[in-house]
Every structure is written in C-alpha cells, then in structure tokens.
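Single-letter residue listing:
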Amino acid sequence: MRWMTVAVVVLCAGLAQAQDVASGTARLATGQSWSAVGAKTVGSGANVLQFEAGWPGLSASYLRGAAPRFSVGARFGFVYGVEGLVRRALAPGLKLQLLARLTLLDQGRISLGLSFEPGPLFHFYNIGTLAGFSLPVGFRLGIAASSALQLAVLLELPFWIQFGSLSSFNIPVLTGIGVEYFIQSELAVYVRIRMGPTIFSRGVPAEFTFDGAFGVAWRF
C-alpha cells in the first residue's frame, strides 16, 4: 500500500507541474487580457483608473468596458505645453476628453486597436486664453513579449482646432512606442513616447511635437 500511495502522490505532483507549465505557456503566448498602452481593451464590465505624468502635462483617466472589445471613459488633464509643441511658450491649461477604445483584432500575442479622444482644451496666457477642441484618432499595435511585458507601436493623429483670430485646423502626425510592465495581472506601469510634426492650416511652418509620459494603470 505504501508504494501505491507514493505513486499516487508522484503522479498528482507531475500532473500539477504539467498544468502549471501549460498555463504559463498560454500566458506567454497571449500576454495579459488588457493593456493601458496597447490595443486590448479593459474587458466587458471591468474598470481601469489610469494616471500619467510627463510632457505636455498630467492626467487622470477612467475607462469602463462597455463590451468585450469596446471601452468608454473620460480624461481630465492639467497641461502646460500646448498640444506637445516644444517651441511654444509654456502656458497652464486644462483639457477634458471623452475616451473610446476599440480592439479591431486580437490574436492573443498580437492585437490591433483604434482610439478616439475628443474634447475641449484651454490655455491661459497673460494676454488672453487659447481655446480649442481636440479630435485625436490613434492606431495601436500591441505585442505581448511575455506574460508581464507588453509592447506597443503607436500611430496617432491628434487633430485639434484653435479658435479665435488665429484660428486654424492643426494636424499632428505622431509615431512612437509604449512599454508596459505588469506588476500584477491587475496593476501595470508603463512609459509611452510619441513624436512628429504638426502641420497648420494657416500656412505657418510645421513644428516639432513631442508627447511622452510615465503612467500607472489599475484594473478592477
């Protein structure tokens, strides 16, 4: 009987180890089920709080999974650089945005998503207020490097309209990358960098634009 007991214990241990290996392999192949910088949305019924600090400002965001591949939410930002334009004078401001994210393709390790983030913006100068409206559209390619590491390739067109006597329709064309590390399956830290030219409709020369931030995201 003793040898049978030992055999059963060894067999159960072997099965448990095999299950752990298989589970780990599956997580490696698909990565996490959501992403703050990549293409995967938060998931139906789930919520995400997200905080960022960098250039051109600070922001707090909330996202809610309205469907398995669709999330909606809002962002409030305190900004000091006008839409990432590095040659503009610093001016404190506020930015409010509605958020919509859609996963177009999810193959586990590779995913593709679309984002839309419209909202008003204001910058306060000594001589007056710059008021405008942003209409950012973005494409995200997510790549799961491991179960804890997510990479993203970003293409963003954060269109914005400037109102007033110098009104113009402005077209930034930004490309960049994001790197995201999952401390736990529900908690991630990341860095995101985007850069490129902004083209102005009123005929002035294009300006270099930079947008970069460190962030933390919590899913619950």
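Just so it is clear, the structure is predicted and the values come from calculations on it, not from any experiment.

Reading the values: rules and limits
- Residues numbered from 1 in each chain as written.
- Predicted model: local features only at pLDDT ≥ 70, side-chain atom pairs only at ≥ 80, totals over all residues.
- Heavy atoms only, no water.
- Helix = DSSP H or I, 4+ residues; strand = E, 2+ residues; numbered from the N terminus.
- Buried < 20%, exposed > 50% of the residue type's maximum accessible area, 1.4 Å probe, protein only.
- Contact = heavy atoms within 4.5 Å.
- Areas by Shrake-Rupley, 256 points an atom, 1.4 Å probe, with all protein chains shown as cover.
- Salt bridge = Lys/Arg side-chain N within 4 Å of Asp/Glu carboxyl O.
- Core = buried A, V, L, I, M, F, W, Y, C linked by side-chain atoms within 4.5 Å.

1. Focus on the overall build of the protein
Within the protein one finds one helix and twelve strands. Counting over 220 residues, the protein shows a buried share of 40%. Restricting the contact set of the protein to residue pairs at least 6 apart, pairs at least 24 apart contribute 53%. In the form shown here, the protein has an accessible surface area of approximately 11,300 Å², with 72% of it arising from carbon and sulfur atoms.

2. Some words on the pattern of salt bridges
Working definition: two side chains of opposite charge can pair if their charged atoms are close together. In this structure the tally under the stated criterion is nine salt bridges. Across the pair Lys-95 and Glu-83 runs a salt bridge, and its minimum N-O distance is 2.9 Å. Of this pair, Lys-95 sits in strand S4 (residues 93-106) while Glu-83 sits in the loop between strand S3 (70-79) and S4, and the two are twelve residues apart along the sequence. Each member of the pair, Lys-95 together with Glu-83, is buried. The partner of Asp-211 in a salt bridge is Arg-194, and the shortest N-O contact between them spans 2.8 Å. With Asp-211 in strand S12 (residues 207-219) and Arg-194 in strand S11 (residues 187-200), this pair connects stretches of sequence that are 17 residues apart. Both residues of the pair, Asp-211 and Arg-194, count as buried.

3. Thoughts on the environment of Gly-164
Examined against the element boundaries, Gly-164 turns out to sit in the loop between strand S8 (149-162) and strand S9 (168-172). Taking the C-alpha atoms as reference, Gly-164 lies 8.7 Å from Gly-132; in sequence the two are 32 residues apart.

4. Considerations on the side chain of Ser-59
Examined against the element boundaries, Ser-59 turns out to sit in strand S2 (residues 57-67). According to the relative accessible area criterion, Ser-59 is buried, its value standing at 15%.

5. Examining the nonpolar core
One finds Trp-34, Ala-36, Val-42, Val-48, Leu-63, Tyr-190 and Ala-217 to be the most contacted residues of the largest nonpolar core, which totals 14 residues. Those elements that provide at least two residues to this core are S8 and S11. Those residues in contact with Ala-36, other than ones at most four positions away along the chain, are Gln-50, Arg-101, Arg-140, Glu-180, Tyr-190 and Ala-217.

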